[in-house]
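# An overview of the molecular structure
Okay, here's what each chain looks like letter by letter:
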Amino acid sequence: MELRKKNLPCLGLLFLACTVAEKQKKIVPSLKHSLTTPVVRAEGDDALLTCVVNQQRNYTLMWKKEEKSKAGSRILTANDERVTSDARISVLHEDGGEVYVLLIKNTTAKDVGMYVCEINSDPPIRSFHQLKLISGELRPPESSLVSPTGSEAVEAGEGRGEDALTVWGFSTSRPIEHDYTDCCLRKNVSSACHGFCNLKSILEGVAGPNPAQCEADFPSIASCMADGRNHMPCCLEAGIPPVCTDLCRGEYTVQTDFLKTHFSCAAYTAPTLACISAGIDLLPGPPQEMGVSALNDTAIRISWRPPHTNPNLNKQYVVNITYHQLLSPVYSVTVDSEVAKQFYPPFSKIHRVPINRTSVVLNNLERFSLYEVTMWTEGINSGRSLPTYKEMVVTHVEGESAMKPAVKAPELPDIKSCCMAKNVSHSVCVDKFCDPVGVREVSVSDMMICAPWDSQMFSCLSDGRDHSPCCSTKQIPPICQELCSGKVTDINFKYFRCLSYMKEMSSCLLEGYGVLPSSPLNFRFSNVDTSFVILHWETPSKLGETVVDYTVTYQEIGASIGVKRSIPHASSPFILEHLNSSTAYEVYVEAVNEYGAGEESARIVLRTVSRTVEDLQTVEHPYNETECCLNSGILPQCQPLCSYNAKMSDVERLGLECVDEFSKMVRCAVGGRDHLPCCARRGVPKACQPLCQAVHQKSTGADFTKCLPYIGQIFSCLEEGTAVLPPPIRNLRAVQVTDTNVVLDWKIDEDDAKFNTTHFEVYYKRIDENSTEGTVFSSDNQINTTEHRAEVGGLTTGVFYRFFVVSRNEVGTSLPSSLIKLNVSSEAWTGEAVLAAAAPPHLLEVEAHSATWLQFTWNPPAITHPEDVLRYRLFYRQVSGNSTDFDSIETDITTVKIVNLTPNTQYILYAEAISRSSGGGTGNRTAVSEPSETLIAWTDPAFPAFVEAPTIHPINRVTEGSNMTVLCIAMGTPEPTVTLYVNNQPIRSLVSRHMVTVIENVSKEMGHVSCYADNGYGTPMQASRQITISRKPTVSAVDLNSGMIGDEMLITCTVDAFPAPTIAVFRDRELKVSVQSDERINITASGSADDPANFVLSLRIKSLAAEDSGVYYCHANNTEGEGVASTTVTVSEIPAPVIDVTDCCRKQNVTNDCLDICSFSIDFDTMQRKPHCLPQFDKLMHCASDGSDHRHCCNNLGVPDQCINWCRGKPASDNQVCALTHSKAIISCFHEGNRQLPSPPRNIVVRLGAEKSANVFWDVPEKNPDQVELYRVYWRPVGNKETLSNDTTDTKMTLKNLDGGTTYELVVKAGNSHGTSHLTAPLRFATGDEVIIETSARASSGASQVIGIIIAVLAVAMILLGVLYFMKKKNIVLSVKKPNSPTVAFENPFYSSRDNQINNQVINLSSEVISSSSSWQGEMSVRNTSDPEETEPRDSSVFPGIKFGKVGQGFQRFQ
């Protein structure tokens, strides 16, 4: 460390160590491959932020979130461990990998912001990742505005005690306890939103539901929150712009779908609530229940109740009376209010009233005039309440005055005494039915209780009068009019409907008693306007002195009848307001005294005044934004956004499609005017204020989408400003240039001077070679002119100057629409006008880069006419190239991607703007701007693609049927093409370093996931991951397991499941009776080493018993579900014959791999599993036949001719067809015949007999010897076509009449009524003149056999030689006749018929000569059944004998 601190050189042996240390010091972690593009997600979705670290070594990687509080960043994770308590946050990372993905599940608005991926190196290395959310409603992001400083905080009261509370940086004088829930209840705020009716709940963030759910209730909530206090002075002092002070006034602006209603006041929420919390205890409340009445033609009376707030805060009351207009005393006419106001303009006057007063009389008013009254309370600390509601009043016509105080009305009849006199004893009945006023409130239960006294009660109520005529005029139903007459005999359920008319009935009763006033007199109207009318009437003639007030009732009539509305507490003259224009109304008035309303006045019908044509016409905005959008080339589908009435839903719908059009939209919305002062006043943050001057630049934050929360403030300024601010000039040009002067002219789009442009301001600035140009709006000099032309003099020769012009009126200025830059020199001037052009593109920067391409972005010109059509031309070339020429590329948008570049190469670039305008009637004009700033950029070095093994989410378990997210991370420059493979099938490809793919409805086969990357450099790379899909068990088992009593049986169930299941075996369908291991039953389960989802359960049962039969259920379950499969076990009492023919197969040279087929007679299942044993089927069938002839059984089972020889152990003509189609049937016959058919006789011996005879002996068959019924012996001389046979029941036979000196061959077979055995192996014997030469292997030696054969061969040879010699001498040609059929059978015993006698027979065979002992094998040869001369014909006449053969007839099949 000291060496390093002192920067001493490394000496001697330390040199190597220092060199290594310096190299390690240079290897520092890097985050340059991290994905820092802002991530935009819908609220509620999961968000993935990707950080890629190279050379991490032992450093720790942390994810943090930037907080705006003083606490700074909040640590979320460290490496792959979560630090925060928020369980929604986790890290996707593979050990040894370079990628750390921050996963935020179920995102909310609080997750929006900047996240930091940080390596704890020295100094720390960071990458920044922004998360944005799209919500169903517009929610402003965290404000970047600077809140007011502490000095600007609200001073509420003269000091702060220790109980002061800070509200987000704004101090209040005492703890916040403002609970206005009672007010919310009175205003019917929904119960779910009551959390917003307590200021403390709002500050603590526990108000409850999403504010969007309470949008409809917020006007009432805001009114209750302000509690009638005027918090505006505090709010304005705190720097809150007027547009955000609605809460300070107890108001709330409901946001609609229109953009201009979306104001973002989030930055001012803190000072607003701080002001409200401070003002609740310091400001007075408003007066309560204010009422206004006219006393006479020049005076009105105003009365109220004191505020409900602390009276010590009240200083005085302030009454504001506003004169509106003079009214006409002529009745039933219309007055022109506009003319009246011009004759006598409206004015207001303030009257201050001491705090101890609750009423005031204002005199000296205009006769018969319309006034508006409102009032408020002023406090002791200069604060005041909000104004009360506005009350309209009309002074009397000259000579009229307010009605006098009412006198007491006549007494009512004593109805209760009448009822009690008539024995109405129930108190409820007396109180309700015996009171003409209280009868209005009776109910069904009251009527049922009092039914016994119905006639007495209604008789007393009528007081001896018939009130039914009055009830009839009030449209009371006829059945109820009986109650009005007092003649009621019985009350039943039919009268229940009369309860809804009790109020009208009470009125008729009172009218009949003579205690109600008559109708008001002389009811009339005057001063009909578009929205109000003045009503007049006079006191009723009868009991007018008892009238307390009047009730006015009105109803809209016409095509549809409106709702009838009544207004109580009216007095003449009365202003009936809030009417619709050009609408007819029916109006009447009733006088009211202490008993109720009297007779209605005459009804009058009036029609309000129609609005004038000027009123009905929509005021057209003087600026046509739509025309600007069309001229500037905005896409047609984006036109709905080209309006000050654009909707938020349109922005959401068209935002992505029209993002490149936003710059043009902003230019047209601004309209070439300077709206900056308005935007500043309305609280638009500085970052977004350039939009108010049509400067749309993403790089600085003045972007339409980023400033969307403040779009309401901006749009309101733009809409208002384009109506009053002057338009920009167009077609600016320099028409003359001298060495010191420049003459400019221009045009302006202004018709009829509707914008009242007063003059034009020409700005110019000298541009020196070494000077900094500053902003495009900067200038050094200015001249003004009222003409469309100006001459600028006093300029320096040979120096460049920049000029622009703006128009001005009394409201403000336009924006410059173009720039002229020229050399002030007559020599440099060509004599042609120099056209102005748009400002150059600016802030050119590299947006993205790779080895073979660069993507650039820039901001559009800050100065251009709003209707100009802009294109951009980007120039580029290699810095170190041989050519100095620039290549160029043009585009309509402010971004371009240059491709096919050279890796690791430096390029120089600049851009120009090409503006085309209509020229204001002079044709299209095209101008090219000055070049932008120059930019130098490098392409990346080329690196081959590298890809990590896929990261799969969920990490722990992917469930079948669910979704899985696969993350492929690839490196390499240029950016590689990443392809996702699932089970070697391509799923998706993307040119990216980070590809996230959501695979829906995952199946269990999707176990192999690969990421493949290729960028054209080096060798493509693929990384794979094997996963096991979690799924519920799938159980499979064979349908049937067969066994015999005493055997051992193995039952297996295969289970496909993950995670590992629990497996069990049950004996019942309900899975209640399980099978358990014991001495006889063994249950084991095992998994596969190759497949973690494969499991096998084995149930081994020893010594099978009959009770083991039945259905077994294999059941498996895991966390994903369960599965079950059944298998049936059958236990047979009689075992099937089991013959081990392995020895036979071995003698037939069956290969070792196929010998196991012979272990159980012929094991057909084993045979199916070993198709390579098919060529040896002839040998297998020979052994399986076990020496018996099973053709009878095979024929019954339909075995065809080409396969029938297998049934007697001989080769078949088509092994493959027979094996696949008929082997099962043949083998079943083998099993059946194994118990019934004999094998061949054994040990055949021939011995010499007397008189040319021979004795043949044999032993009984080895198999089923007791089943033998007959033996048949065949013999013939060798080479003879005729065969002799004879049958016997004994094991010997004598052959007679043999020829001496002849060689014979002989075979024997055994049989019974079910069939026969095979023929024995042919045995030859030779006869001498007197001697039999035995050839039996058992009876004679090998030498004697050889001698006999030699003698026979020599004899035959001598004969043949003699014959050949003779034929040669005589020229005799030997003719050999071809046989008629290919049959080579020795006999045809299967289908020939004979009688039951046992004797010698001669069997004629085919013409084929049998010349050797191999002819005996011909009996098993293939027969050609298609030949009509076949020696073994299938005659149908034979079949009955075969099928129904009896004992003693079985040998007919030997023929």
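Structure report, in brief. Everything numeric here is computed off the predicted structure, so don't read it as measured data. (Residues numbered from 1 in each chain as written. Predicted model: local features only at pLDDT ≥ 70, side-chain atom pairs only at ≥ 80, totals over all residues. Heavy atoms only, no water.)

### Focus: the sheet that holds strand β29 (residues 759-767)
Within the open sheet, the 4 strands sit side by side as β30-β29-β32-β33. Their pairing is antiparallel. Among the strands making up the open sheet, the edge pair consists of β30 (781-785) and β33 (820-823). Going across the sheet, the axis of each strand differs from the next one's by a mean of 25°, ignoring polarity. In this sheet, β30 lies alongside β29 in antiparallel orientation, the contact comprising 5 bridges. Note on β30: the bridge partner recorded for Phe 760 is Thr 785. (Pairing = 2+ DSSP bridges. Helix = DSSP H or I, 4+ residues; strand = E, 2+ residues; numbered from the N terminus. Axes fitted to C-alpha atoms, helices over the stretch in contact; angles between N-to-C directions.)

### Re the pairing of strand β2 (residues 47-52)
Regular strands have side chains that alternate between both faces of the sheet. Burial runs high along β2: 6 of the 6 residues are buried. Going residue by residue along β2, you find Ala 47, Leu 49 and Cys 51 tucked away on one face and Leu 48, Thr 50 and Val 52 tucked away on the opposite face as well. Sheet analysis places β2 next to strand β7 (residues 99-104), joined by 6 bridges and oriented antiparallel. For Val 52, the partnering residue across the bridge sits in β7 and is Val 99. (Buried < 20%, exposed > 50% of the residue type's maximum accessible area, 1.4 Å probe, protein only.)

### Looking at unusual backbone geometry
Here the amide bond leading from Ser 572 into Pro 573 is cis, since omega sits at -5°, within 30 degrees of zero. Mapped onto the elements, Pro 573 comes out in the loop between β22 (565-570) and β23 (574-576). At the junction of Phe 1058 and Pro 1059, the peptide bond is cis and its omega measures out at 0° in the coordinates. Relative to the assigned elements, Pro 1059 resides in the loop between β53 (1049-1058) and β54 (1062-1066). The backbone of Asp 227 sits at a positive phi, close to 55°, despite the residue not being glycine. Tracing the sequence through the fold places Asp 227 in the loop between α5 (218-226) and α6 (232-237). Positive phi values are uncommon outside glycine, yet Asn 522 reaches one of about 55°. Along the chain, the position of Asn 522 falls in strand β19 (residues 521-526).

### Section: the nonpolar core
Here is a general trend for soluble globular proteins: nonpolar side chains tend to be buried in one another's company. Formed by 38 residues in total, the largest nonpolar core has its most connected members in Leu 259, Met 665 and Phe 704. Listed by contribution, the elements that provide at least two residues to this core are α17 (625-631), α18 (648-654), α19 (662-670), α20 (676-681) and α21 (711-724). The element that contributes the greatest number of residues to this core is α19, accounting for 6 residues. Residues in contact with Phe 704, not counting those within four places in the same chain, are Val 651, Phe 662, Val 666, Leu 691, His 696, Ile 711 and Phe 715. (Core = buried A, V, L, I, M, F, W, Y, C linked by side-chain atoms within 4.5 Å. Contact = heavy atoms within 4.5 Å.)

### Some details on the sheet that holds strand β52 (residues 1040-1044)
Across the sheet, which stays open at both edges, the 4 strands sit in the order β52-β58-β57-β54 with mixed pairing between neighbours. Each edge of the sheet is formed by a strand with only one pairing partner; in this case those strands are β52 and β54. Each adjacent strand pair in this sheet contributes to an overall mean axis angle of 25°, direction not counted. Direction of pairing for β54 relative to strand β57 (residues 1110-1118): antiparallel, over a ladder of 5 bridges. Looking at the pairing, Val 1065 lines up with Cys 1114 of β57.

### Considerations on the state of the cysteines
Summed over the entire model, instances satisfying the criterion amount to 24 disulfides. Between the sulfur atoms of Cys 235 and its disulfide mate Cys 248 the distance is 1.9 Å. Residues Cys 235 and Cys 248 are joined through a disulfide that is left-handed, its torsion about the S-S bond being -90°. Within this pair, whereas Cys 235 is found in helix α6, its partner Cys 248 is found in the loop between α6 and α7 (269-280), the two being separated by 13 residues in sequence. Here the two residues Cys 235 and Cys 248 agree in accessibility, since each one is buried. (Disulfide = S-S within 2.5 Å.)

### A closer look at the packing of aromatic side chains
Following the criterion strictly, the structure yields 20 aromatic pairs and no others. Between the aromatic rings of Phe 433 and Phe 458, the centroid separation amounts to 6.0 Å while the plane-to-plane angle is 70°, which identifies the pairing as edge-to-face. Of the two residues, Phe 433 is situated in helix α10 (residues 427-433) and Phe 458 in helix α12 (residues 454-462); the sequence distance between them amounts to 25 residues. Each member of the pair, Phe 433 as well as Phe 458, carries the same accessibility label: buried. Put simply, the rings of Phe 196, Phe 218 and Tyr 252 touch in pairs and so form one group of aromatic residues. Sitting over the face of the ring of Phe 1257, Arg 1247 holds its NZ or CZ atom 5.2 Å from the ring centroid. (Phe/Tyr/Trp six-rings, centres within 6.5 Å; stacked < 30°, edge-to-face > 60°. Lys NZ or Arg CZ within 6 Å of the ring centre and 35° of its normal.)

### Points about the pairing of strand β37 (residues 869-878)
Counting buried residues along β37, 7 of its 10 residues qualify, which places the element largely inside the surrounding structure. Judged from the 5 bridges that link them, β37 and strand β38 (residues 887-891) form a sheet pairing that is antiparallel. Bridging across to β38, Tyr 876 finds its partner in Asp 887.

### What to know about empty space enclosed by the protein
As enumerated under the stated definition, the model contains 11 cavities of 30 Å³ or more in all. Space inside the largest cavity adds up to approximately 190 Å³. In terms of lining residues, the largest cavity is bounded by 18 residues, among which Asp 660, Ser 663, Pro 860, Ile 893 and Thr 894 are the most central. Put simply, the parts of the chain that give the lining of the largest cavity at least two residues each are α19, β36 (854-859) and β37. No other element matches α19, which puts 4 residues into the lining of the largest cavity. Here the residues of the lining of the largest cavity are counted per class, giving 7 nonpolar, 5 polar and 6 charged. Roughly 140 Å³ of internal volume is contained in the second largest cavity. Taken together, the elements giving at least two residues each to the lining of the second largest cavity come down to β27 (729-737), β40 (906-917) and β41 (925-928). (1 Å grid on protein atoms, 1.4 Å probe; cavity = no way out; pocket = protein on both sides within 12 Å on 5 of 7 lines; lining within 4 Å. Points joined across faces, edges and corners; volume = space filled by probe spheres on them. Nonpolar A, V, L, I, M, F, W, Y, C, P; charged D, E, K, R; others polar.)

### Here's the deal with the packing of helix α24 (residues 1177-1184) against helix α27 (residues 1223-1233)
Orientation of α24 relative to α27, taken along the N-to-C sense of each, is 25°, at an axis distance of 10 Å. When the axis of α24 is compared with that of α27, the two are roughly parallel. Each of Phe 1177, Met 1181 and Ala 1184 in α24 lies in contact with α27, whose residues at this interface are Ser 1223, Ile 1226, Ile 1227 and Phe 1230. A per-class count over the contact of α24 with α27 returns 6 nonpolar, 1 polar and no charged. (Parallel < 35°, antiparallel > 145°, perpendicular 65-115°, else oblique.)

### Digging into the side chain of His 194
Inspection of the secondary structure puts His 194 in the loop between α3 (181-186) and α4 (199-204). His 194 has contacts with Thr 181, Leu 185 and Val 189, leaving out every residue within four places of it along the chain.

### Some points on the pattern of salt bridges
Under the criterion given, the structure shown has 37 salt bridges. Residues Arg 808 and Glu 761 are paired through a salt bridge, measuring 2.5 Å at the closest nitrogen-oxygen approach. Highlighted residues: Arg 808 in strand β32 (residues 800-808) and Glu 761 in strand β29, separated in sequence by 47 residues. As a salt-bridge pair, Arg 1272 and Asp 1287 come within 2.7 Å of each other at their nearest N and O atoms. Residue Arg 1272 is located in strand β62 (residues 1270-1277), and its partner Asp 1287 is located in strand β63 (residues 1282-1288); the two are separated by 15 residues in the primary sequence. Owing to a relative accessible area of 1%, Arg 1272 belongs among the buried residues under this scheme. (Salt bridge = Lys/Arg side-chain N within 4 Å of Asp/Glu carboxyl O.)

### A few points about the side chain of Ser 992
Within the fold, Ser 992 resides in the loop between β47 (985-991) and β48 (994-999). A polar contact is formed between the side chain of Ser 992 and the backbone oxygen of His 994, at a distance of 2.8 Å. In this structure, Ser 992 is in contact with Ala 970, Glu 975, Pro 976 and Val 978, ignoring residues within four places of it in sequence. (Polar contact = N/O pair within 3.5 Å; in protein donor to acceptor, adjacent residues only side chain to side chain.)

### Things to note about the packing of α12 against helix α15 (residues 502-513)
Working note: a packed helix pair is described by the angle between its axes plus the distance between those axes. In the contact formed by α12 and α15, the axes pass within 9 Å of each other and the chain directions differ by 50°. Overall, the two elements α12 and α15 adopt an arrangement that is oblique. The segment α12 lies against α15, with Phe 458, Leu 461 and Ser 462 engaging Met 505, Leu 509 and Tyr 513. Broken down by class, the residue content of the contact of α12 with α15 amounts to 5 nonpolar, 1 polar and no charged.

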